[in-house]
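# Breakdown of the fold
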Amino acid sequence: MYSLWNEKEAAARKSHLELRVYSSRLLGREPSLVLHGGGNTSVKVSEVNLVGEEEEILYVKGSGWDLATIETQGFAPVRLTPMLKLAKLEALSDPQMVNELKCQMTQAGAPSPSVETILHAALPFRYVDHTHADAVVTITNTPDGRRLIEEVYGDKVVIVPYVMPGFDLARDVARIFAEQATPATQGMVLMNHGIFSFGDTAKDSYERMIRLVDMAEQFLLDQQAWDLVEPEPPVASAMAGDIVDLRKRLSEKAGRPMILSVTGSPRGMAFARRYDVQKVAMRGPATPDHVIRTKAVPMIGRDLDSYEKAYRDYFMAHEPSARERKTMLDPAPRVILDRDLGLCCAGKSMAEAAIVHDIYEHTMVCIERAEKLGGWRALPAADLFDMEYWDLEQAKLRKGGEPPLFQGEVALITGAASGIGKACVEAFLARGAAVIGVDINAAADGLYATPGYLGIACDISDTAALRAALEQGVRRFGGIDMLVLNAGMFPGGKRIAELGDEEWRKVLSVNLDANLALLRETYPMLKGAPNGGRVVVMGSKNVPAPGPGAAAYSASKAALTQLMRVVAMEWGGEGIRINALHPNAVFDTGIWTEEVLQARAQHYGLTVQQYKTNNLLGVEVTSRDVAELTAEMCGPLFAKTTAAQLPIDGGNDRVV
Ligand code: ZN
């Protein structure tokens, strides 16, 4: 591990707080030090308050901020003196502590101070850095961990036995540090948790962290416990059906739809196939803040009932209080290790499942290295349990108000690269769904950088390609709950007398046949949707009110609408509902260039604006209007509606 400190960059930071931001971000750049909000840092400064008094202020990382991207406003300013008094108390409950931390802030709008604030206050140095470094945790989480840490560091660090993060840990640290620190002390190792470094300058504190972690890495190297075999990437066979089934049962346990991502991780597959996976993986996570994200232990295999039973036994063995019972987490695992599927990660959203994945990749590396060092041994079960029901973390997870409408659900949208399809992608993403955007145009791939979007370039009239796309989508998110049949083509106007067979067949193949294949192939997924499958068919005003010169288009959309009605009859018993929208005159799409609009308007003797709003309400219908209604038709407002046809055209005198 190398220092990333750059004198020139550092020189541009004027205040202690700015330097604190700078070196915190350096720590955040190294995922083997801090992952997803793990770790925290602080700096102590003197400030003059409004009434002219000088106060010592501890700026400590605020909750909800990540070291990699933290800014000055990500640090919570807490009065130092009251913190030092609190550290001398014998006991303080978590809610009391949270209250005290908040009440001693000097800015009401600052984020909540880290739960490790009192601990930072108790260390008598201007700068304090704390990480959950993989290498250090790997060594502490072995049967002989404490002796090995002594061997690595000698008198350079003070060692603190494992205590759950919170007030008790801060109190112990204050006491142990006062008793054991010497002039040689550069850091502090918290068993089964992580490491602290400190110093009077930002550089000293940061570089001590790097040096100390580097010593741990060198030790692992010397012990032949560093290099691991790189496993081969797993060969994926078609397993969409199994994945959909697993996600459905997992969502039932969780009490809400969940994203289930089959990661395809080479290490995950090799780990799931270890003969001793049961023994090794069940010994728990690397460090306390991983417990909340990944649950105490992974599920081995796919037997959710056994997992739930073990989980409940574990829970009851702890003799939970009434309040703990109320806050009991759902009994659905977040990490699954399966011989055939490899490492699968679950979450309320794809972003959450992706975090679980990152954490578990690191956990597996720590476990495998620790196994070479004498065996992985994580926190004792009782401590894990306390952690899982921990007031502070629970509060953190609970904040944020109403969940998005489609949280944990997956939508597949065809024709996603442009026009109404693209607007639909945005409408579903905005409602919290994960979205599989399919389009014949390669632009569908990489349209959005969010983890909740998967773009697949695919010609859906090619059934083999369609099946491959569905398999890919299901592996990424776990299933398909909502389907928007949007892709279609509108050929240039041609009277029947001139309409050739080939053109007719082409339009029907794209607008009708491909949608039949898509409905048939996604049926098992829609059937397995935790909240029931939903389909929206993009019809057309041409269905109730056809126009001359559009025979193939009108006939294909009318047939598609009829297909929709049959689907409603055949699949209604399985809770799948399907409805059609009939948009008209949506002009903000690719085919309607300014020139085409001009020409059409002129043809009718209208201005472009008159042409665009030529309907009963005199309104312009945009692709966003259509997309918003499409999304709402998959929501609770339409929960009891199927086989409906809804115009979205501003009112058309031929339809009314
Ligand atoms: Zn920590």
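Numbering of residues begins from 1 in every chain and follows the order in which that chain's sequence is written. Reporting in this predicted model follows two pLDDT cut-offs: at least 70 for local features of residues, and 80 or more for side-chain atom pairs to be given and counted; totals over whole chains, interfaces and linings ignore these cut-offs and use all residues. The basis for the side-chain values is all heavy atoms of the structure; hydrogens and waters are excluded.

## Considering helix H4 (residues 94-103)
- Residues of H4 that are buried: Asp94, Met97 and Leu101. Relative to the axis of H4, the buried residues are bounded by an arc of 60° and lie together on one face. Accessibility here uses a 1.4 Å probe with only protein chains present; expressed as a share of the type maximum, an area under 20% marks a residue as buried, one over 50% as exposed, and anything in between as partly exposed. To qualify as a helix, a DSSP run of H or I must reach at least 4 residues; to qualify as a strand, a run of E must reach at least 2; elements of each kind are numbered from the N terminus. Think of it as the arc spanned by the lines of direction from the helix axis to the C-beta atoms.

## Comments concerning the coordination of the zinc ion
- Donor selection uses N, O and S atoms within 2.8 Å of the metal (3.2 Å for Na, K and Ca). Since no water is included, sites may look incomplete. Around the zinc ion, the protein contributes the donor atoms Glu116 (OE), His130 (NE2), His132 (NE2) and His193 (NE2), which lie 2.1 to 2.6 Å from the metal centre.
- The site at the zinc ion holds 4 donor atoms, and with the angles between them running 82 to 159°, its shape is irregular.
- One chain supplies every donor for the zinc ion, spaced along it as E-x13-H-x1-H-x60-H. Of the two residues, Glu116 sits in the loop between H4 and helix H5 (117-122) while His132 sits in the loop between strand E4 (127-131) and helix H6 (134-140), which places them 16 residues apart along the sequence.
- Looking at His132, the relative accessible area reads 10%, which means it is buried. Just to be clear on the cut-offs, tetrahedral is four donors with all angles between 85 and 135 degrees, square planar is four donors and octahedral six with opposite donors over 155 degrees apart and all others between 65 and 115, and anything else goes down as irregular.

## Comments concerning the pattern of salt bridges
- We count a salt bridge whenever a side-chain nitrogen from Lys or Arg sits within 4 Å of a carboxyl oxygen from Asp or Glu. The tally for this structure, following the rule as stated, stands at 34 salt bridges.
- One salt bridge connects Asp144 with Arg147, and the closest N-O pair in it is separated by 2.8 Å.
- Residue Asp172 pairs with Arg171 through a salt bridge whose shortest N-O separation is 3.2 Å.
- Take Asp172: its relative accessible area is 13%, and that puts it in the buried class.
- Salt bridges sharing common partners tie together Glu90, Asp168, Arg171, Asp172, Arg175 and Glu179.

## Examining the side chain of Ser554
- Residue position: Ser554 is located in helix H22 (residues 551-571).
- Since its relative accessible area comes to 9%, Ser554 is described here as buried.
- Any two residues whose heavy atoms approach within 4.5 Å at even a single point are treated as in contact. Ser554 has contacts with Asn542, Pro546 and Gly547, leaving out every residue within four places of it along the chain.

## Topic: the sheet that holds strand E12 (residues 410-414)
- If DSSP finds at least two bridges between two strands, the strands pair. Spatial ordering of the open sheet is given by E14-E13-E12-E15-E16-E17-E18, a layout of 7 strands whose pairing is parallel. The open sheet terminates on both sides in strands that have one partner only, identified here as strand E14 (453-457) and strand E18 (645-648). On average, adjacent strands in this sheet sit at an angle of 15° to one another, irrespective of strand direction.
- Under this scheme, a helix contributes an axis fitted over its contacting stretch, all axes are lines through C-alpha atoms, and angles between N-to-C directions fall in the 0 to 180 degree range. Strands strand E16 (534-538), strand E17 (577-583) and E18 of the sheet are contacted by H22, whose axis makes an angle of about 155° with E17.

## Points about the packing of aromatic side chains
- Planes of paired rings set the category: under 30 degrees apart is stacked, over 60 is edge-to-face and the rest tilted, where pairs are Phe, Tyr or Trp rings (Trp by its six-membered ring) whose centres lie within 6.5 Å. One pass over the structure, following the stated rule, counts 14 aromatic pairs.
- Seen in terms of ring centroids, Phe587 and Trp592 are 4.6 Å apart; in terms of plane orientation they differ by 85°. Their pairing is edge-to-face.
- A network of ring pairs unites the aromatic residues Phe587, Trp592, Tyr604 and Tyr611 as a single cluster.
- Any Lys NZ or Arg CZ that is within 6 Å of a ring centre and within 35 degrees of that ring's normal is treated as a charge sitting over the ring. Looking at Arg369, its charged tip hangs above the ring of Trp226, at a distance of 3.6 Å from the centre.

## Quick look at the packing of helix H19 (residues 419-430) against helix H25 (residues 623-633)
- Between H19 and H25, the least distance of the axes is 8 Å, while the angle of their chain directions is 50°. When the axis of H19 is compared with that of H25, the two are oblique. In this structure, H19 crosses over H25, and the sense of that crossing is right-handed. Residues Gly419, Ile420, Ala423, Cys424, Ala427 and Phe428 of H19 pack against Ser623, Arg624, Val626, Ala627, Glu628, Thr630 and Ala631 of H25.
- Under the scheme applied, nonpolar residues are Ala, Val, Leu, Ile, Met, Phe, Trp, Tyr, Cys and Pro; charged residues are Asp, Glu, Lys and Arg; polar residues are all the others, including Gly. Here the residues of the contact of H19 with H25 sort into 8 nonpolar, 3 polar and 2 charged. Any angle that falls under 35 degrees is termed roughly parallel, while one over 145 is termed roughly antiparallel, one within 65 to 115 roughly perpendicular, and all others oblique. Crossing handedness follows the turn of the near helix against the far one: under a right angle anticlockwise gives a left-handed crossing, and clockwise gives a right-handed one.

## Examining the nonpolar core
- In terms of nonpolar packing, the biggest core is built from 59 residues, with Leu519 and Val535 touching the most fellow members.
- It is helix H21 (residues 501-527) that contributes the most residues to this core, 8 residues altogether.
- Not counting chain neighbours up to four residues away, the residues in contact with Val535 comprise Leu483, Leu485, Leu519, Leu526, Ile576, Arg577, Ile578 and Asn579.
- Formed by 43 residues, the second largest nonpolar core is a distinct cluster that contains Phe75, Val152, Ile159 and Leu220. By nonpolar core is meant a set of buried Ala, Val, Leu, Ile, Met, Phe, Trp, Tyr and Cys residues that side-chain atoms within 4.5 Å join together.

## Some words on the pairing of strand E6 (residues 187-190)
- Burial of the side chains of E6 extends over both faces: Gly187 and Val189 are buried on one face and Met188 and Leu190 on the other.
- As paired strands, strand E5 (residues 157-160) and E6 are joined by 4 bridges and run parallel to one another. By the bridge assignment, Val157 is partnered in E6 with Gly187.
- The β-α-β motif built from E5, the intervening helix H8 (residues 167-180) and the parallel element E6 has right-handed crossover chirality.
- Relative to strand E7 (residues 194-199), E6 is paired through 4 bridges, and the arrangement is antiparallel. Counterpart to Leu190 in the pairing with E7 is Gly194. With the strands aimed away from the viewer, a crossover counts as right-handed if its path from the first strand over the helix to the second runs clockwise.

## Topic: the environment of Val586
- Residue position: Val586 is located in the loop between E17 and helix H23 (594-603).
- Taking C-alpha positions, Val586 is 8.2 Å from Asp649, a pair spaced 63 residues apart along the chain.
- In this structure Val586 touches Ile420, Trp592, Val621, Thr622, Ser623 and Val626, once residues within four positions along its chain are discounted.

## A short note on the packing of helix H7 (residues 145-153) against helix H9 (residues 202-222)
- Axis separation between H7 and H9 bottoms out at 10 Å; the angle between their running directions is 115°. What the angle tells us is that H7 and H9 run roughly perpendicular. Here the hand of the crossing between H7 and H9 comes out right-handed. Within the contact between the two elements, H7 uses Leu148, Glu151, Val152 and Tyr153 and H9 uses Leu212, Val213, Met215, Ala216 and Phe219.
- Looking at the contact of H7 with H9 residue by residue, the class counts come to 8 nonpolar, no polar and 1 charged.

## Some remarks on unusual backbone geometry
- The backbone of Gln224 shows a phi angle near 55°, a positive value even though the residue is not glycine.
- By secondary structure assignment, the location of Gln224 is in the loop between H9 and helix H10 (240-254).
- In this structure Gln224 comes out as exposed when scored by relative accessible area, which is 64%.
- One non-glycine residue, Ala643, lies in positive phi territory at about 65°.
- With respect to the helices, strands and loops of the structure, Ala643 is situated in the loop between H25 and E18.
- Judged by its relative accessible area of 31%, Ala643 is partly exposed.

## Description of the sheet that holds strand E10 (residues 335-338)
- Pairing is mixed across the open sheet formed by 4 strands, whose spatial order is E8-E11-E10-E9. Looking along the sheet, the strands with just one partner apiece sit at the ends: strand E8 (259-262) and strand E9 (299-300).
- Taken together, the 4 bridges between E10 and strand E11 (residues 342-347) define a ladder with antiparallel strand orientation. Pairing of Val335 across the sheet is with Cys345, part of E11.

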